[in-house]
Amino acid sequence: MDRRIALASIVGMLGANIFAPLARAIAYQPNPVINTGAPEIVFTPAQRALVTALSERILPTSDTPGAIAAGVPEYIEHMLGDWAITDERATIFEGLAAIDMRSIADYGKPAVKASAAQQDALLTLAMNGELSGGAPFFEAFRQLVITGYYTSEIGITQEREYLPVPGEYDGAYPYAKVKRIFSS
Amino acid sequence: MAATDRFDAIVIGSGVSGGWAAKELTEKGLRVLMVDRGRMVEHGEDYPFDGKSAYEIPARGKMPAALAKSDYFALNGWVSPATQPFFINDRLNPYDYDAPNKFNWVRPSVVGGKSLTWGRWSFRWSEADFEANKKEGVGTDWPIRYDDVAPWYSYVENYIGVSGGRENLPYLPDSEFMPPFPMNVAEKWLKERLESEFPGRKLINARLSNITEDKPEQNRTRCQKRAQCDRGCSFGAYFSTQAVTLPAARATGRLTLRSDSWVTNLEYDPAQKRVTGVRMVDANTGQVEVVQARMVFLCASAMSSLHILLNSRPAGSERSYFHSNGALGSAVMDHIFRVGVSGDIPGMSEFVEYGRRPGGVYVPRFRNLEAEDLPFKRGYGFQGAAGRQASAPKGFGLSMKHGMREYGPWRFTMSAFGECLPYDDNRVMLNHSKTDRFGTPLLRFDVRFRDNEIRMMDDALEQGMLMLRKAGLTNVTGGRGKHVPGEAIHEMGGARMGHDPATSVLNKWNQAHDAANLFITDGAQMASVSCVNPSLTFMAMTARAADHAVKQMSAGVI
């Protein structure tokens, strides 16, 4: 018998004296916990590889680490799998497929195998709305990469400067003294 | 709890009001039991995300939509993974409303209540606030005036520490201030422009319960400009029960604190007109207990206090002992909210902000201070701040990444809080056909905003945009979102204070007309709500009521 039904029938048998605690036991399910471990799997291996490559093209390694080092691909899978604020899965899937299709047409290989310059050209087509579903994909994907990067440890502490305990407030701090802009 | 434990007073709730009641009553020599339905949170050690950066917080600090929808639906954007530990699970703790009149009832789940997560803006009411109902013939008159509360404002302000600037405004009396958090260069520019374009209107420093000077005697350190207050602050830099009132009450040796105790109702002797016991259910075991004391301070938060009062009823009756005149549960209010305006402040690009203030600037109420021909009564104020975000270049790749290393222009944003009038048919009641996990009928809301509130929101949007434009801001935008009552988390009223026992629940000392040993000092007491943030007033009123209660107890009246 289902545990829930079993408890309900016990209430029926014993009556009201212990109603409150048992009712609570029946109704109680613990507060849900946000998954901070590995993300729920959203992508096929091929999709994941393309997301990884394209995220690095959006925020590349330069004098500071890029999207891959900052864990952006995993962040995106988390967002689409279990941290979603809005569900953008279909937009992302369609955009990835359109980019792949165009890459095969133009370069004779899937986008993940294309060169960095070719991937940039594919992203530019998407950005300019010259692929089916390209513009909404680009907008959503770009925002996921940006948010994932600038909320990562690398984004917060290396690309920007983080003041964990500023101690003071200066509302006219000279911009000239700022080496990297402050993380919020 | 041992059967031999004896208490002079029971304080129900441990938030802003309950904490103050416990502090005052224990310091005056009473043995006090403070109970809270929430779990225990100790100062510092139980703030899991204090000092953590975004990457150390689940889901990078943004609440997953599915979880917000399933379990935290009343919070509607308020709860974040960093504050989730302090808020109640709505799925497990339902309430009720008529579908067209939704109410977002935001509730804490911890000892300390909303004092851990509150906005910390702290204002005195003015003489005009206390007089407005009588002057306009709206609702019921307050049985007290500013002078009755002023010394108690001073008393609590000196203890908790309130930062702000002296302005000598009759409609927004000064507190006992610590130095304010300074305005930044863009806000100073805006102040000058706005005040010269709109004579009589002011832009002033925020008034906050964040302290700008140490309070070593309370083991509290001045604000460190982290702006992460609602995760709990180990520095004790803002007022919370944990940082301020609980240590004081514990230091007396006369406080017993019991968490995880859901008070379902008060037991009452109609012949003696006295509360005779407090019935509570242990949230972990379901064990029911009735605890007795000479006096009860009900500070469970406005709507929860009403819930307890409405559920305090004779066996077999659906009508509360305290519902003798129909006032209980009526004239529930919330502040208007959800009006915001923004604009770019030109220039000053050679300056940025260093550090993160817990609050910025305030535009005090300017409407209906004198007789004005406006389509609404009362007024609103704006809370805001100027700051610079990273610029947002288009495109992608290296040019975008390096473009985002620059700051964009100064941008100023402010949002309105306005006064809602007391309407007797904005009410809460019990729904006897649905019960919670402790067998208590659900609290049912029937509260909505009326023409006065809608017109005020329209005016706030119009005036807000006008002020920014005329002050010289560019790219001025504004919006007026749908406002579900409760969302300002300033829900108040329902057990109002009044002269007349026929139309109010409490007398001028927060003492129930129907029970001399029952005091209600949270937001339920309010007969009107001003447009300023209410918590400082709850603190002052609680201290005042505790003083009166102990004097009455000493005199043998209670």
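Basis of the calculations
- Residues numbered from 1 in each chain as written.
- Chains lettered and ligands numbered in written order.
- Predicted model: local features only at pLDDT ≥ 70, side-chain atom pairs only at ≥ 80, totals over all residues.
- Axes fitted to C-alpha atoms, helices over the stretch in contact; angles between N-to-C directions.
- Helix = DSSP H or I, 4+ residues; strand = E, 2+ residues; numbered from the N terminus.
- Left-handed = near helix turned anticlockwise from the far one by under 90°.
- Contact = placed C-beta atoms within 7 Å.
- Nonpolar A, V, L, I, M, F, W, Y, C, P; charged D, E, K, R; others polar.
- Pairing = 2+ DSSP bridges.
- Buried ≥ 20, exposed ≤ 12 C-beta atoms within 10 Å, placed from the backbone.

K.L.:
Would you mind going over the packing of helix H5 (residues 89-107) of chain A against helix H7 (residues 134-150) of chain A with me for this structure?
P.N.:
For any two helices packed against each other, the geometry comes down to the angle between their axes and how far apart the axes lie. Residue and element names in this part refer to chain A. At a minimum axis distance of 8 Å, the contact between H5 and H7 shows a crossing angle of 115 degrees. Helix-helix and strand crossings are classified by hand; for H5 and H7 the assignment is left-handed. The segment H5 lies against H7, with Thr91, Ile92, Glu94, Gly95 and Ala98 engaging Gly134, Pro136, Phe137, Ala140 and Phe141.

K.L.:
Would you mind showing me how to read the interface of chain A and chain B here?
P.N.:
The interface is formed by 45 residues belonging to chain A together with 47 residues belonging to chain B. Among the secondary structure elements, those contributing two or more residues to the side of chain A that touches chain B are helix H2 (19-27), helix H3 (45-58), helix H6 (116-127), helix H8 (153-159) and strand E1 (170-174) of chain A. Per-element accounting of the side of chain A that touches chain B gives the leading share, 6 residues, to H2 of chain A. Looking at the side of chain A that touches chain B, its residues break down into 28 nonpolar, 8 polar and 9 charged. Two strands pair when backbone bridges link them, and E1 of chain A and strand E13 (residues 351-354) of chain B are joined in this way by 3 bridges, in the antiparallel orientation. Residue Asp170 of chain A lies in a different strand from E13 of chain B, and its bridge partner there is Tyr354 of chain B.

K.L.:
Looking at this model, I keep getting lost on the sheet that holds strand E12 (residues 339-345) of chain B. Mind explaining?
P.N.:
What links the strands of a sheet is backbone hydrogen bonding, and the strands pair in either a parallel or an antiparallel sense. All names here are of chain B. Taken in spatial order, the 6 strands of this open sheet run E6-E14-E15-E16-E12-E19, and their pairing is antiparallel. Edge positions in the sheet fall to strand E6 (204-205) and strand E19 (474-480), since each has one partner strand and no second. Docked against the sheet, helix H9 (residues 451-471) engages E12, strand E15 (380-390), strand E16 (407-418) and E19, running at close to 5 degrees with respect to E12.

K.L.:
I'm lost on unusual backbone geometry in this one. Help?
P.N.:
Most peptide bonds take the trans configuration, and most residues that are not glycine carry a negative phi. All names here are of chain B. Backbone geometry places Ala227, a non-glycine residue, at a positive phi of 55 degrees. One can find Ala227 in the loop between E6 and helix H6 (241-251). Of the residues examined, Ala227 has 16 C-beta atoms within 10 Å and is grouped as partly exposed. You will see that Asp260, though not glycine, has its phi angle at about 55 degrees, which is positive. If you trace the backbone, Asp260 turns up in the loop between strand E7 (255-258) and strand E8 (261-269).

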